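Chain and residue survey
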Amino acid sequence: MPMDPSYFADMEAKIPRGKVRTRFAPSPTGYMHVGNLRTALYTWLIARNQGGTFILRIEDTDQGRLVEGATDVIYRTMAECGLTHDEGPDVGGPVAPYIQSQRRDTYGKYAQALVEKGCAYYCFCEKAESQEEDFQRREDPCRSLSAEEVQARLDAGTPYVIRQKIPLEGSTTFHDAIFGDITVENSTLDDQILLKSDGLPTYNFANVIDDHLMGITHVVRGSEYLSSAPKYDLLYQSFGWDVPTYVHCSPVMRDQHNKMSKRRGDPSYEDLKAQGYLTEAILNYVALLGWSPRGERAEQEVFSLQELAEVFDTGGISKSPAIFDIEKLTHFNALYLRAMTPEAFHAAAEPYIRKTATNPDLDTRAIAGLLQARCEKLTEIPEKVDFFDALPEYGLELFTNKKSKTNSEVSRAMLEAAIPALEALPAWDQDSIHDCLIALAEQLAVKNATLMWPVRIAAAGRTVTPGGAVEICRILGREETLRRLRLGLEKLTV
Ligand code: GLU
């Protein structure tokens with residue numbers, strides 16, 4: 001039965017036009033890998049740079065791969081990253097629904113329309129999906145079934161798929177913003193399935209229908225889709241539709257030869273967060289994985305999302321694969337941690353400080369102040385500050401330090417002098433402790449370090465600490481400091 005043309009006219013009438021419209025179209029797999037996050041970011045940046053509209057579309061037609069709660073990961077990640085969408089399943093929009101499984105009827109109608117145009121055909125051959133690869137499409141007997149034969153099989157309830165009828169001859173040329181013009185011989189393209197036997201479309205069909213019906217102007221996706229692009233172009237041609245601008249991005253690699261992969265343990269966005277990386281640093285680094293600023297900003301490395309939206313252009317996207325370098329990300333993270341206001345850093349660091357420095361009397365702001373310039377990741381914090389809660393076991397050898405000119409004997413003399421001096425201090429604040437110890441070093445005619453080293457070792461029980469002796473004593477408080485210094489002295493005396 002021929003399709004009602006008014007259905008298609010109504011669908012065309014709904015398509016928003018005149019503005020840049022981009023979409024991020026993830027399949028709900030349960031995590032956002034780095035390549036996906038980069039696609040989302042670039043897609044969002046193109047829309048924002050052009051004052052356009054950014055759409056979130058959920059591609060869930062592969063029902064076998066659905067993962068419970070997976071769309072929540074997508075929403076959460078996008079929201080955390082500030083990649084706000086203007087249209088999508090949760091916010092609606094003029095071309096709803098934005099979840100492919102809810103658009104099933106639409107795909108069926110367009111597939112039938114293609115059959116009527118002679119650009120697709122019903123295929124009744126029973127094949128397992130695994131056989132699909134080896135099947136010689138050109139020899140598919142269904143390609144040339146008469147309309148009556150098709151109808152008879154449909155009436156008999158024979159299961160079917162609908163396949164694209166690729167022209168046997170000629171070539172197809174498509175344009176990609178990154179890779180330029182690409183031409184392929186039609187004879188190398190397969191009659192891919194458009195509609196599966198369960199009535200749901202394949203990705204290969206759904207993306208074309210939805211990108212058209214949603215008025216998408218720029219399609220940003222991984223370069224693994226380049227080889228399918230000629231088939232998509234043929235579909236656009238069959239319908240007489242304009243082809244959107246393709247922006248195929250080269251993969252993000254774990255090394256020279258391998259793509260990043262969750263299965264091999266490469267981190268997703270959520271993993272990176274859990275490893276102590278800041279969202280802003282992740283986004284900044286991911287933006288530069290395969291894109292570089294040009295012109296005046298060519299040397300700039302640190303970009304806020306807002307700045308990226310101002311300068312992003314597809315001309316800066318590279319054809320070469322990018323290698324994900326965790327050290328580089330760590331470098332960005334440290335830059336971002338250092339650039340935070342002390343308040344913001346304290347807010348971010350406090351939960352980590354509290355994992356090991358649990359004593360409620362401890363001043364977490366002061367501890368955060370010591371850490372800000374000294375950590376690259378928030379997750380380093382707990383082990384750096386655990387000595388505030390409990391003095392670790394430590395050996396006497398820690399008191400010996402060449403550079404500070406200390407050994408056990410010197411250290412004992414220093415602590416013997418420092419304890420009464422600190423006991424006598426009228427106020428326990430940074431300046432008083434500092435001035436007292438500096439004056440004492442002078443009085444004892446030793447280098448400041450000769451006095452500070454044993455005080456810090458006795459106070460912290462370790463050689464590497466965030467902050468020096470003065471800061472640590474001030475945070476520990478007078479009573480606890482003196483208790484620890486006396487313990488140190490006892491150790492040195494026996
Ligand atoms: N659902 C596809 C994916 O997750 C999207 C590809 C595209 O953006 O067209 O890979």
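So, a few notes on the structure that sits alongside this text. (Residues numbered from 1 in each chain as written. Predicted model: local features only at pLDDT ≥ 70, side-chain atom pairs only at ≥ 80, totals over all residues. Heavy atoms only, no water.)

Scanning the protein from terminus to terminus reveals 19 helices and eleven strands. Expressed as lengths along the three principal axes of its C-alpha atoms, the size of the protein is roughly 105 × 45 × 40 Å. Long-range contacts, defined here as pairs at least 24 residues apart, represent 74% of the contacts in the protein between residues at least 6 apart. Total accessible area on the protein stands at roughly 23000 Å², and carbon and sulfur atoms take up 50% of it. On the protein, the mean spot of the 54 positive side-chain charges and the mean spot of the 71 negative ones are 3 Å from each other. (Helix = DSSP H or I, 4+ residues; strand = E, 2+ residues; numbered from the N terminus. Contact = heavy atoms within 4.5 Å. Areas by Shrake-Rupley, 256 points an atom, 1.4 Å probe, with all protein chains shown as cover. Lys, Arg positive; Asp, Glu negative; His and termini not counted. Charge placed at Lys NZ, Arg CZ, Asp CG, Glu CD.)

Attention now goes to the environment of T314. Among the secondary structure elements, T314 is positioned in the loop between α10 (305-311) and β11 (322-323). Measuring from C-alpha to C-alpha, the distance between T314 and A177 comes to 7.2 Å, with 137 residues separating the pair along the chain.

So, on to the sheet that holds strand β4 (residues 161-164). Read from one edge of the open sheet, three strands run β3-β4-β7, paired in antiparallel fashion. At either end of the open sheet lies a strand with only one pairing partner, and these are β3 (120-123) and β7 (193-195). Averaged over all pairs of adjacent strands, the angle between their axes in this sheet comes to 40 degrees, without regard to strand direction. Examined bridge by bridge, β4 and β7 share two bridges and lie antiparallel to one another. Paired with I162 across the two strands is L195, which belongs to β7. (Pairing = 2+ DSSP bridges. Axes fitted to C-alpha atoms, helices over the stretch in contact; angles between N-to-C directions.)

The subject of this paragraph is the site of the ligand. Lining the immediate environment of the ligand, one finds R23, A25, P26, S27, E59, Y203, V220, R221 and Y225. A25 places a main-chain nitrogen or oxygen 2.8 Å from a nitrogen atom of the ligand. For the ligand, an oxygen atom lies 3.1 Å from a polar atom in the side chain of R221. Protein burial of the ligand: of its 300 Å² of free accessible surface, 85% is covered by the chains. When grouped by side-chain class, the residues that make up the shell around the ligand number five nonpolar, one polar and three charged. (Near = heavy atom within 4 Å. Polar contact = N/O pair within 3.5 Å; in protein donor to acceptor, adjacent residues only side chain to side chain. Nonpolar A, V, L, I, M, F, W, Y, C, P; charged D, E, K, R; others polar.)

Note on pairing: side chains with opposite charge can pair once their charged atoms come close. On inspection of all chains with the given rule, the structure shows 25 salt bridges. In this structure, K262 engages D271 in a salt bridge whose closest nitrogen and oxygen atoms are separated by 2.8 Å. What makes D271 partly exposed here is its relative accessible area of 26%. A salt bridge links E310 to R297; its shortest N-O distance comes to 3.7 Å. (Salt bridge = Lys/Arg side-chain N within 4 Å of Asp/Glu carboxyl O. Buried < 20%, exposed > 50% of the residue type's maximum accessible area, 1.4 Å probe, protein only.)

Time to look at unusual backbone geometry. Cis geometry marks the peptide bond from A96 to P97, where omega comes out at 0 degrees. Phi is positive for K405, which is not a glycine, with a value near 60 degrees. By secondary structure assignment, the location of K405 is in the loop between α14 (381-385) and α15 (408-423). Since its relative accessible area comes to 57%, K405 is described here as exposed. With a phi close to 60 degrees, A445 is a non-glycine residue in the positive phi region. When you line up the elements, A445 lands in the loop between α16 (430-444) and α17 (448-460). Given the relative accessible area of 68%, A445 is considered exposed.

The buried fraction of helix α6 (residues 203-213) is high, at ten of eleven residues. All of the buried residues along α6 are N204, F205, A206, N207, V208, I209, D210, D211, H212 and L213. On its buried face, α6 is in contact with α1 (5-14), β1 (21-24), α4 (104-117), β7, β8 (218-222) and α7 (229-239). Just downstream of α6, G215 is the residue with a positive phi angle, here 70 degrees.

Our focus in this paragraph is the pairing of strand β2 (residues 53-56). Judged by which residues are buried, β2 turns out to be covered on both faces: T53 and I55 on one side and F54 and L56 on the other are all buried. Here β1 runs beside β2; their pairing, made up of four bridges, is parallel. Paired with T22 across the strands is F54, a residue of β2. Handedness of the β1-helix α2 (residues 34-49)-β2 crossover: right-handed. (Right-handed = clockwise from strand over helix to strand, strands pointing away.)

A word on α16. Working note: α-helix, 3.6 residues per turn, so residues spaced by three or four point in the same direction. Here α16 is 15 residues long and its end C-alpha atoms lie 21 Å apart, about the 21 Å a rise of 1.5 Å per residue gives. Buried within α16 we find S432, I433, C436, L437, L440 and A441. When α16 is viewed along its axis, its buried side chains cluster within an angular range of 160 degrees and face the same direction. Facing away from the buried side of α16, by more than 90 degrees, are the exposed residues D431 and E442. (Expected span 1.5 Å × (residues − 1). Arc of directions from axis to C-beta.)

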